[in-house]
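# Coordinates in review
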Amino acid sequence: MPESAQPVTPVTFPPAFLWGAATSAYQIEGAVREDGRTPSIWDTFSHTPGKTAGGETGDIAVDHYHRFRDDVALMAGLGLTAYRFSISWSRVQPTGRGPAIQRGLDFYRNLVDELLAHGIKPAVTLYHWDLPQELEDAGGWPERDTAYRFAEYAQIVGEALGDRVEQWITLNEPWCSAFLGYASGVHAPGRTDPAASLRAAHHLNLAHGLGASALRSVMPARNSVAVSLNSSVVRAVSDDPEDLAARQRIDDLANGVFHGPMLHGAYPQSLLTATQSLTDWSYVQDGDLALINQPLDALGLNYYTPTLVSAAASAPAGPRADGHGASAYSPWPAAEDVAFHQTPGERTEMGWTIDPTGLHDLIMRYTREAPGLPLYITENGAAYDDKPDPDGHVHDPERIAYLHGHLSAVRSAIEDGADVRGYYLWSLMDNFEWSYGYDKRFGAVYVDYTTLERTPKSSALWYGQAARTGALPGVESV
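For clarity, every value in this text was computed on a predicted model and none was experimentally measured.

With numbering aligned to this structure, UniProt lists the feature "active site" (unreviewed entry) at Glu173 and Glu379. Across 207 residues, the annotated set stays spatially compact, with a maximum C-alpha separation of 10.1 Å. By the element assignment, Glu173 lies in the loop between strand E4 (167-172) and helix H8 (174-182). Owing to a relative accessible area of 5%, Glu173 belongs among the buried residues under this scheme.

Laid out in structure tokens, this is it:
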């Protein structure tokens, strides 16, 4: 038999591995003025001229608020075993403080019940970037009080859903909240104050620790409390000491600023030194690091593409190539001496290089950073310019290849000793992609934004086959 005809050994996963998809509240729910919900910072930001592509907003999004039962049935039909969604803080606690609106909680109670009735494990993310506007008006994440308001909110949601939801995530990608929201301004609330972004990072860390404690105070001990970090795989263009120093600078700002206190109870000294021109970190009060350093039951990792840097002396021409949107203001405080480079290779519609080796490297890093801590890939996916064919089918072979490559990297990491227990595809369906509006389609399910009709793409069928069998189909199998 010729070598090319040898049977291929299937890539298989452990029997208990979770096959999920992920979404976030503002990106899919719509119904922004119903049942007591008040504006979040993303309502305000998206309604500000020039902040989003085409001035598009999440007012309707994909109307999940009214269509959630159909959406859950769609997930079940695909064979998904888990669903990660976020709670809209301003739907539950409209002013960011005080008693809950029960109508808001009822939506999530009904969603959880529907998921459980279809055999789908719910995973709740408490905060996916949509701070109640009233809290931003009071200073937002740069203010310490916001962390305590988050803990109060966490307790409310934990009391309402903790008897039925076992997997909990405090924050999604706090890096984006702090640095895209308060330094570069490409995300809500659109502020451009690097010193404030560092204060925001600390208070997000504090919110995580306080929120984790609040959840545990009201939930069964069996429940898992985690956080989802978009930890960057930062690589240097060379082994030159200046390029390696640049890599360390960005690694501290992308990773160490969060996993340092969360996992190890301390900020990296190199981070404190590098940012001393902006802040003396005096807002880190006695006892804060112990509050932040709560024991985690799991860690969520979000990965899309690696980051390539050098010393600024070799800066490429053109806009900053860090993949985080166009802005005259940098999301990297006190890192003016670092240059970002486009990584080589095939790209998605976001301009992000496709590199599954980065996901393997990320998993293995945290296997070393936090030995014994279970890991979940809580986001991974790709945007493509998907369109229906004349028969209404949506074929997306590029996304299938992307998923095959990255899931193979996950399986390779498991073989190398990593305890990865699940994968959440980003995203379940096309939706409002933040400042990009509706221009970038990450979904495995196509959404016609005129009719809001859902159509599973080829990748959804491929991923569903993987979920049902625990093995990756060939890239040409759908």
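Further notes follow.
Per the stated rule, a full pass over the model turns up 34 aromatic pairs. Aromatic pair Tyr26 and Phe432: ring centres 5.5 Å apart, planes at 85°, arrangement edge-to-face. Placement of the pair is Tyr26 in helix H1 (residues 25-28) and Phe432 in the loop between strand E11 (420-426) and strand E12 (445-447), with a sequence separation of 406 residues. For the pair Tyr26 and Phe432, a shared accessibility class is recorded, and that class is buried. Judged by centre distance (5.5 Å) and plane angle (25°), the rings of Tyr83 and Phe85 are stacked. Exposure remark for Phe85: the relative accessible area of 2% places this residue in the buried category. An aromatic cluster is present here, built from Tyr26, Trp42, Phe45, Trp129, Phe432, Trp434, Tyr438 and Tyr449 joined pairwise through their rings.

A separate point is the UniProt feature "binding site: substrate" (unreviewed entry) in the protein chain. As annotated by UniProt and renumbered to match this structure, "binding site: substrate" (unreviewed entry) occupies Gln27, His128, Asn172, Tyr304, Trp426, Glu433 and Trp434. Here Trp426 lies in strand E11. Residue Trp426 is classed as buried on the basis of its relative accessible area of 3%. The residue Glu433 is located in the loop between E11 and E12 in this model. Glu433 has contacts with Gln27, Trp426, Lys440 and Phe442, leaving out every residue within four places of it along the chain.

With 17 residues, helix H7 (residues 145-161) extends 25 Å between its outermost C-alpha atoms, agreeing within 8% with the 24 Å of an ideal straight helix rising 1.5 Å per residue. Counting buried positions along H7 gives 12 out of 17 residues, so the element sits mostly inside the fold. Taken together, the buried positions of H7 are occupied by Thr146, Ala147, Arg149, Phe150, Ala151, Tyr153, Ala154, Ile156, Val157, Gly158, Ala160 and Leu161. Lining the buried residues of H7 we find helix H4 (89-92), helix H5 (102-117), strand E3 (121-127), helix H6 (133-137), E4 and helix H9 (194-218).

The next thing to look at is the pattern of salt bridges. With the rule as written, the count across this model stands at 33 salt bridges. With a shortest N-O distance of 3.7 Å, Asp35 and Arg103 are connected by a salt bridge. With Asp35 in the loop between H1 and helix H2 (41-46) and Arg103 in helix H5, this residue pair connects regions lying 68 residues apart in the sequence. Its relative accessible area of 31% is what places Asp35 among the partly exposed residues. When the shortest N-O distance is used, the salt bridge between Arg454 and Asp71 registers 2.9 Å. Taken together, the residues span a long stretch of sequence, with Arg454 in strand E13 (residues 454-456) and Asp71 in helix H3 (residues 64-78) at a distance of 383 residues. Of the residues examined, Arg454 reaches a relative accessible area of 15% and is grouped as buried. We classify Asp71 as buried; its relative accessible area is 2%.

Moving on, we get to the nonpolar core. Counting residues in each nonpolar core, the largest one holds 150 residues, and the members touching the most others are Trp141, Leu161, Ile363 and Val410. Dropping the residues within four chain positions of it, Ile363 is found in contact with Leu301, Leu375, Ile377, Val410, Ala413, Ala418 and Val420.

So, about the environment of Pro390. Here Pro390 shows up in the loop between strand E10 (375-379) and helix H14 (397-415). Accessibility expressed as a relative area gives 87% for Pro390, which makes it exposed. Distance from Pro390 to Leu198, taken between C-alpha atoms, is 50 Å for residues 192 residues apart in sequence.

Most of strand E1 (residues 18-22) sits out of view: 5 of its 5 residues are buried. Along E1, one buried face is formed by Leu18, Gly20 and Ala22 and the opposite face, lined by Trp19 and Ala21, is buried too. Where E1 and E11 come together, 5 bridges link them in parallel fashion. When the sheet's bridge partners are listed, Ala21 is paired in E11 with Leu425.

Analysis parameters
Residues numbered from 1 in each chain as written. Predicted model: local features only at pLDDT ≥ 70, side-chain atom pairs only at ≥ 80, totals over all residues. Heavy atoms only, no water. UniProt positions renumbered as here; feature names shortened; annotations may be inferred. Helix = DSSP H or I, 4+ residues; strand = E, 2+ residues; numbered from the N terminus. Buried < 20%, exposed > 50% of the residue type's maximum accessible area, 1.4 Å probe, protein only. Phe/Tyr/Trp six-rings, centres within 6.5 Å; stacked < 30°, edge-to-face > 60°. Contact = heavy atoms within 4.5 Å. Expected span 1.5 Å × (residues − 1). Salt bridge = Lys/Arg side-chain N within 4 Å of Asp/Glu carboxyl O. Core = buried A, V, L, I, M, F, W, Y, C linked by side-chain atoms within 4.5 Å. Pairing = 2+ DSSP bridges.

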